[in-house]
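Summary of the model geometry
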Amino acid sequence: GKAQDKSVVFEFHRHLPQIAAAPWPKPPVELRDGSATVARVAAEAPQYSVLYFSCHGKVSDDSHDLMAASQLELAEGSLLSARDVATWKLHADLVFLNACQAGRFRLQARSDVNGFVRAFPLAGARSLIAPLIYVDPQMAGDLAGRFFQAWLAGASKAEALRTAQLATRRKDASKGWAMYCLVGDFL
């Protein structure tokens, strides 16, 4: 369908050229800086098969609502919570969150999975890639660029992530490359 031919990139760091250089079937659509408001992202996200966020992420200790505690900082400091995302109706094959702690969540019980790891699949995304810890923006951009190059060239999501992690590992000693998780469909 229409959603399968488009890709969208939400960008806050300077590594967008690495992502855009991947062999996309059509050039990615970008929401940058002031245009990446929570309302606009929520309105446009359901149109795309790939969502890429590069922004600040956090897991707030202040919120009693575990889904609201996982947050992405968008335009002008506005916060997009996992609680918000869980209400979306997505058609995304892949969501890549290149935001610190975007794959992390607070536990209430050992069996509870919450945060973005729960929200994006509930919203309809088939797969989610996100880091569990704080990551260096340059390393994060390198890893994402390598991932998209491999995935769009035909590797499965799992193979592409492994390829990107191994290549980034050789270049970056910080261990941030190892903290990315893939949830959902790995093909």
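Here we take up the overall build of the protein. Helices and strands together make up the secondary structure of the protein, namely seven helices and nine strands. Expressed as a percentage of its 187 residues, the buried residues of the protein come to 51%. Partitioning the contacts of the protein with sequence separation of at least 6, the portion at a separation of at least 24 is 72%. Approximately 8,800 Å² of the protein is accessible, and the part contributed by carbon and sulfur atoms is 52%.

Within the secondary structure layout, Q165 lies in helix α7 (residues 157-171). Aside from chain neighbours lying at most four places away, what touches Q165 is L143, W177, A178 and Y180.

The subject of this paragraph is the packing of aromatic side chains. Counting across every chain of the model gives twelve aromatic pairs. Arranged with centres 5.9 Å apart and planes meeting at 20°, the rings of F147 and W151 form a pair that is stacked. In this pair, F147 and W151 are both assigned in helix α6 (residues 137-152), four residues apart and thus about one turn of the helix distant. According to the relative accessible area criterion, F147 is buried, its value standing at 0%. Under the relative-accessibility criterion, W151 is labelled buried at 14%. Members of the aromatic cluster, joined through ring pairs, are W24, Y52, F96, F147, F148, W151 and Y180.

So, on to the pattern of salt bridges. Across all of its chains, the model carries eight salt bridges by this definition. Between E30 and R32 there is a salt bridge; the shortest N-O distance is 2.6 Å. In this structure E30 comes out as partly exposed when scored by relative accessible area, which is 37%. A salt bridge links D93 to R126; the nearest nitrogen and oxygen atoms lie 3.2 Å apart.

Next up on the list: the nonpolar core. Counting residues in each nonpolar core, the largest one holds 29 residues, and the members touching the most others are F53, L72, W88, V95, L97 and F120. Those elements that place two or more of their residues in this core are β3 (50-54), α4 (82-85), β7 (94-98), α5 (116-123) and β8 (127-131). Among the elements that line this core, the one with the most residues is α5, at five residues. Counting residues in each nonpolar core, the second largest holds 24 residues, with A22, V50, C100 and L161 among its members.

With respect to the helices and strands, the residue W177 is situated in the loop between α7 and β9 (180-184). Residues in contact with W177, not counting those within four places in the same chain, are M139, L143, Q165, T168, R169 and D172.

Each strand in a sheet pairs with its neighbour through backbone hydrogen bonds, running either in the same direction (parallel) or in the opposite one (antiparallel). Here we have three strands laid out as an open sheet, ordered β4-β5-β6, and antiparallel in their pairing. Since the sheet does not close on itself, it has two edges, and those belong to β4 (56-59) and β6 (79-81), each with one partner. Ignoring which end each strand starts from, the neighbouring axes of this sheet average 25° apart. Looking at chain direction, strand β5 (residues 70-73) and β6 are connected through three bridges and run antiparallel. Residue pairing across strands places E73 opposite L79, the latter belonging to β6.

Here is what the cut-offs are and how they apply
Residues numbered from 1 in each chain as written. Predicted model: local features only at pLDDT ≥ 70, side-chain atom pairs only at ≥ 80, totals over all residues. Heavy atoms only, no water. Helix = DSSP H or I, 4+ residues; strand = E, 2+ residues; numbered from the N terminus. Buried < 20%, exposed > 50% of the residue type's maximum accessible area, 1.4 Å probe, protein only. Contact = heavy atoms within 4.5 Å. Areas by Shrake-Rupley, 256 points an atom, 1.4 Å probe, with all protein chains shown as cover. Phe/Tyr/Trp six-rings, centres within 6.5 Å; stacked < 30°, edge-to-face > 60°. Salt bridge = Lys/Arg side-chain N within 4 Å of Asp/Glu carboxyl O. Core = buried A, V, L, I, M, F, W, Y, C linked by side-chain atoms within 4.5 Å. Pairing = 2+ DSSP bridges. Axes fitted to C-alpha atoms, helices over the stretch in contact; angles between N-to-C directions.

Remember, this is a structural readout, not a statement about activity or role.
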